[in-house]
Amino acid sequence: MRFDFGFFSSLLLIFFVHGLVYAVLLLRKGIINQSTPEKWLSLFIFLCVLFIAPWMLGFAGWYDNQPYREILFYTPLQHLFFIGPVMFFYVRSLLNPSFSFGKKEWLHLLPGVLYLLYSVVMVVADKLILKEAYFLADGMDRDFDNWYQKLGFASMLFYFFITIRYYNLYKKLMVQVVSYADVVLFKWVKRFLIAFLMMQLLNIGFEIFGSFFPALKTYAGSAWFFLAFAVIFYYIAITGYSNAIVTKVPFQLNLLPNKPMLLLTNSSVLNNYTGNIEDVEIIDIETTPPEKKEDKDFIATWKPKIIELLQKEKIYENAELSLSQMAKML
């Protein structure tokens, strides 16, 4: 197999191989531990590895030689419509043990699936039916069509913002319902989202500076963008693989504004909820509780009971104690 080792091709190859290794390790870890987040992160890293592949292989001489040129042209490597949803599913599965991939989640992947079908149509039409380069008559790789790159970037930004909203609502929920909120606020998720944002800012930065420095928009100039992108996803792979925090508070969350969220009492209720409203807790995290005057009688009644729970039952030893559980004990 042809591979011309040069400055860019060699550097990108290092990140390409290491990225594949981490994707496999994360998948293996997810299967062994039955951990959904690791599986989603594995897929995310794999998509990032494919994202830099055209530039790595291009500098390795593939675009200048057959049959490698046609392999790159007819094989979709930059799956821009998948990166955003996979990032969103990773964060959701990481923060919410009740997350499951259902019919609604498939809708998020529909644009990416349609692009794959479009790629299949190109292969069938050009290679089997027309036997000529109809779709690729201009000699350009369809992965780099302006419409696809722009829409793909918009898709990633969209999923970044809804993931930020999901994370912020999660933090509000944890503060209200659990006693160990500072432990499960997930600093790793924040770092992951910052790293993902840096990927998008790189894209914007190269577009802006490319207007002033045309060399950045050439094939060689763009390689610096892919090197920086590779460094960021390599950081995500290493740090994400070492993250071992797991949440145990299942909930259902509505991302629409001014809607309450439904916190379910246990995962069995959560998976197939058909019961009464008494089985769940409704928590409106969008509103601030009204101020209440201090009730001395109320405090006098409940303060000794709380102290008794702390001293006799030692409830503080339960790291997963929730406020609702404590209320039931009282």
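The rules behind the values
- Residues numbered from 1 in each chain as written.
- Predicted model: local features only at pLDDT ≥ 70, side-chain atom pairs only at ≥ 80, totals over all residues.
- Heavy atoms only, no water.
- pLDDT = per-residue confidence, 0-100.
- Contact = heavy atoms within 4.5 Å.
- Helix = DSSP H or I, 4+ residues; strand = E, 2+ residues; numbered from the N terminus.
- Expected span 1.5 Å × (residues − 1).
- Buried < 20%, exposed > 50% of the residue type's maximum accessible area, 1.4 Å probe, protein only.
- Core = buried A, V, L, I, M, F, W, Y, C linked by side-chain atoms within 4.5 Å.
- Axes fitted to C-alpha atoms, helices over the stretch in contact; angles between N-to-C directions.
- Parallel < 35°, antiparallel > 145°, perpendicular 65-115°, else oblique.
- Left-handed = near helix turned anticlockwise from the far one by under 90°.

**Here's the deal with the confidence of the model for the chain**
For the chain, per-residue confidence averages 84 on the pLDDT scale, and 84% of positions sit at 70 or higher. In this model residues 265-282 is a low-confidence stretch, pLDDT under 50, and it forms 27 contacts with partners more than four residues away in sequence or in other chains. Note on residues 284-288: pLDDT is under 50 here. Beyond four places in sequence and across chains, it has nine contacts.

**What to know about helix α1 (residues 7-32)**
Spanning 26 residues, α1 covers 38 Å between terminal C-alpha atoms, matching the ideal 38 Å at 1.5 Å per step. Burial in α1 covers these residues: F8, S9, L12, F15, F16, G19, Y22, A23, L26, K29 and G30. Those residues of α1 that are buried lie in contact with α2 (36-59) and α8 (219-242). Phi for Q34, located one or two positions after α1, is positive at around 50 degrees.

**Re the nonpolar core**
Membership of the largest hydrophobic core comes to 79 residues, with the highest contact counts inside it found for F44, I45, I52, F192, M199, F233 and I236. Looking at this core, the elements that each hand over two or more residues are α1, α2, α3 (68-74), α4 (80-95), α5 (103-129), α6 (146-177), α7 (187-212) and α8. The dominant element in this core, judged by the number of residues it contributes, is α2, at 14 residues. Those residues in contact with I236, other than ones at most four positions away along the chain, are L41, F44, I45, W188, F192, A195, M199 and Y241.

**A closer look at the packing of α1 against α2**
Taken N-terminus to C-terminus, the directions of α1 and α2 make an angle of 160 degrees; their axes are 8 Å apart at the nearest point. Between α1 and α2, the crossing angle belongs to the class labelled roughly antiparallel. The two elements α1 and α2 meet at a crossing, and its hand is left-handed.

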